[in-house]
Amino acid sequence: MTAHDAAVSARVAQAWDVLHGVLDPEVPAISVTDLGIVRDVIEHGDALEVVVTPTYSGCPATEVIEQAIADALVAAGLGPARVTQRRAPAWTTDWITPEGREKLRAYGIAPPGSCAGEAAAANVQPIRLMARDVACPRCGSAQTERLSAFGSTACKSLYRCIACREPFEHFKPI
Amino acid sequence: MSTTFAPLPTTASASNAAASTTTESIVFQPTPQQAYLMRVGDSCLIHAQRLAEWSGHAPILEEDIALTNLALDLVGQARALLTHVGRQTGFDEDQLAFLRNERDFRNFTLAELPGRRAGRDFADAVLRNFLLSAWMNLMWARLEQSGDAEVAAIAGQAVKESRYHVAHAADWVVRLGDGSDESMRRMRQAVARLWPYTAELFETDDVDSAAAEAGLGPMRAALRVDWQAIVEPVFADAGLQVPAAGAFRSTGSRGVHSEHMGYLLAEMQTLQRSFPGGVW
């Protein structure tokens, strides 16, 4: 590795460190890297390019997140930085890191299960027939019931724990 | 069905108004492949507009949140496709959504049929959501194999969203159809009102042929069997009869819309028409 390569790597590594601290505005417990939407950080001469895969098609936070990423990198002295989108492959909750899942749970949001089962169950059937195995993020009980398919954002649904009686949100697998 | 009128003459008030208070419509002349994508994008957009009418008015709070969340997904899907077609035609997504004339919209008539504002029942909203979501789910799944990489990428995300759209709608079709005598009566009325408009979802024309030949996406007619395989079991669970096929064909996907479309666009477009280029 040449000195130049080492310098490049250092800047990209610093950028990743900064991105670990950029929070999702709608779920401010986890960062954009926890969420798994940052796919690449590339150095083009003077400028950094951060490649992001959007979550939901209609997520209103997408533009805010992109701005927050660029602002954070500039504030850290790593700019100029631009954010580009990469749609394929599509984002999945399987990309949320283990740390991200633990942060969600600590924040009171039940993390999503694996999507493997979702794809297998892709054939359409009424929701009431679907299996529900969402553990309460507070007491860990599996005795929970869904109150609403949608919650404060499209990515979450509303549940209630039958054991500890606390309501909680569930980050849906997609 | 719509009645065809000659274009209205420019009104006195419009011609007298200051230039800044009116906005010219764009001249949108898509290729057959672009028109094909606009059928999908416009159907998402117009359906989203109808679903959004339920914001603050759904029968229960949970469903209020659900319908507006579904609308948000549909707006996102529409934005992606309109942006993609816009790049090829020199327009941005806002120009395509807000400055096109009625005849230049290619959505299925089913998407624009009256909603809550016109006194239509919640059962109509539920049924339309189910019938259209099932079609969208199949279309997105096929578009994942599109020869247009950007379309395939958009479809890759949208197909996952359409999966829970159709599951949610199917749940409600069964709940109402297999519910009380009153909910069953209303679902049957909704089926009678909306079913004739489903034939358009499987028509064939030169736009479909051009898209299929170019490897962009499937002929609509190719989705029919899979669509029936989704719809019929849910109707059976709901205790609803699938109506017999009729001769009526709606024509929204060719740009000839029902009498309801103009009112919808007037509301959807009024801000950009009144405050050209307005952003926030």
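Residues numbered from 1 in each chain as written. Chains lettered and ligands numbered in written order. Predicted model: local features only at pLDDT ≥ 70, side-chain atom pairs only at ≥ 80, totals over all residues.

**Looking at the overall build of chain B**
Phase 1: In terms of helices and strands, chain B carries 11 helices and 0 strands.
Phase 2: Starting at the N terminus and walking to the C terminus, you meet the elements of chain B as α-α-α-α-α-α-α-α-α-α-α.
Phase 3: Against the globule reference of 19 Å for 280 residues, chain B gives a C-alpha radius of gyration of 19 Å, in line with a compact fold.
Phase 4: Considering only C-alpha atoms, chain B reaches an extent of 55 × 40 × 40 Å along its principal axes.
Phase 5: Burial statistics for chain B: of 280 residues in total, 47% are counted as buried.
Phase 6: Contacts in chain B between residues far apart in sequence, at least 24 positions, make up 77% of those at least 6 positions apart. (Helix = DSSP H or I, 4+ residues; strand = E, 2+ residues; numbered from the N terminus. Rg over C-alpha atoms; globule rule 2.2 N^0.38 Å. Buried ≥ 20, exposed ≤ 12 C-beta atoms within 10 Å, placed from the backbone. Contact = placed C-beta atoms within 7 Å.)

**Considerations on the sheet that holds strand 6 (residues 156-161) of chain A**
Residues and elements named next belong to chain A.
Phase 1: Spatially, 4-7-6-5 is the arrangement adopted by the 4 strands of the open sheet, whose pairing is mixed. A single partner strand is all that each edge strand has here, and the edge strands are strand 4 (109-110) and strand 5 (144-148).
Phase 2: For strand 5 and strand 6, the ladder comprises 4 bridges, and the chain directions are antiparallel. Across the sheet, S148 pairs through a bridge with L158, a residue of strand 6. (Pairing = 2+ DSSP bridges.)

**Concerning the sheet that holds strand 3 (residues 81-85) of chain A**
All names here are of chain A.
Phase 1: Reading across the sheet, the 3 strands line up as 1-2-3 and stay open at both edges, with mixed pairing between neighbours. Lying at the two open borders of the sheet, with one neighbouring strand each, are strand 1 (38-44) and strand 3. The sheet shows a mean angle of 20 degrees between the axes of neighbouring strands, taken without regard to direction.
Phase 2: Pairing geometry for strand 1 and strand 2 (residues 47-52), over 6 bridges, is antiparallel. Considered in strand 2, the bridge of I42 is made with E49. (Axes fitted to C-alpha atoms, helices over the stretch in contact; angles between N-to-C directions.)

**Some points on unusual backbone geometry**
Residue and element names in this part refer to chain A.
Phase 1: Put simply, G79 and P80 share a cis peptide bond, and its omega is 0 degrees.
Phase 2: As for its placement among the helices and strands, P80 is situated in the loop between helix 3 (62-75) and strand 3.
Phase 3: In this structure, the amide linkage connecting A88 to the following residue, P89, adopts the cis form with an omega of -5 degrees.
Phase 4: Looking at where P89 falls in the secondary structure, it is placed in the loop between strand 3 and helix 4 (98-107).
Phase 5: Unlike most non-glycine residues, R165 shows phi in positive territory, near 70 degrees.
Phase 6: Here R165 shows up in the loop between strand 6 and strand 7 (167-171).
Phase 7: When the 10 C-beta atoms within 10 Å are taken as the criterion, R165 is described as exposed.

**Some remarks on the nonpolar core**
The tendency in soluble globular proteins is for nonpolar side chains to be buried as a group.
Phase 1: With 116 residues, the main nonpolar core has V126, L127, F130 and V173 of chain B as its most contacted residues.
Phase 2: Each of domain 1 (3-91) and domain 2 (107-171) of chain A contributes no fewer than three residues to this core.
Phase 3: Residues within four places of V126 of chain B in sequence aside, it is in contact with A169, W172, V173 and L176 of chain B. (Core = buried A, V, L, I, M, F, W, Y, C linked by C-beta atoms within 7 Å. Domains from an automatic or database assignment.)

**Let's talk about the interface of chain A and chain B**
Phase 1: Opposite the 20 residues of chain A that make contact, chain B presents 27 residues.
Phase 2: For the side of chain A that touches chain B, a count of residues per class yields 14 nonpolar, 4 polar and 2 charged. (Nonpolar A, V, L, I, M, F, W, Y, C, P; charged D, E, K, R; others polar.)

**Notes on the confidence of the model for chain B**
Phase 1: For chain B, per-residue confidence averages 91 on the pLDDT scale, and residues scoring 70 or more make up 92% of the total.
Phase 2: Here the predicted complex scores 0.89 on pTM and 0.85 on ipTM. (pLDDT = per-residue confidence, 0-100.)

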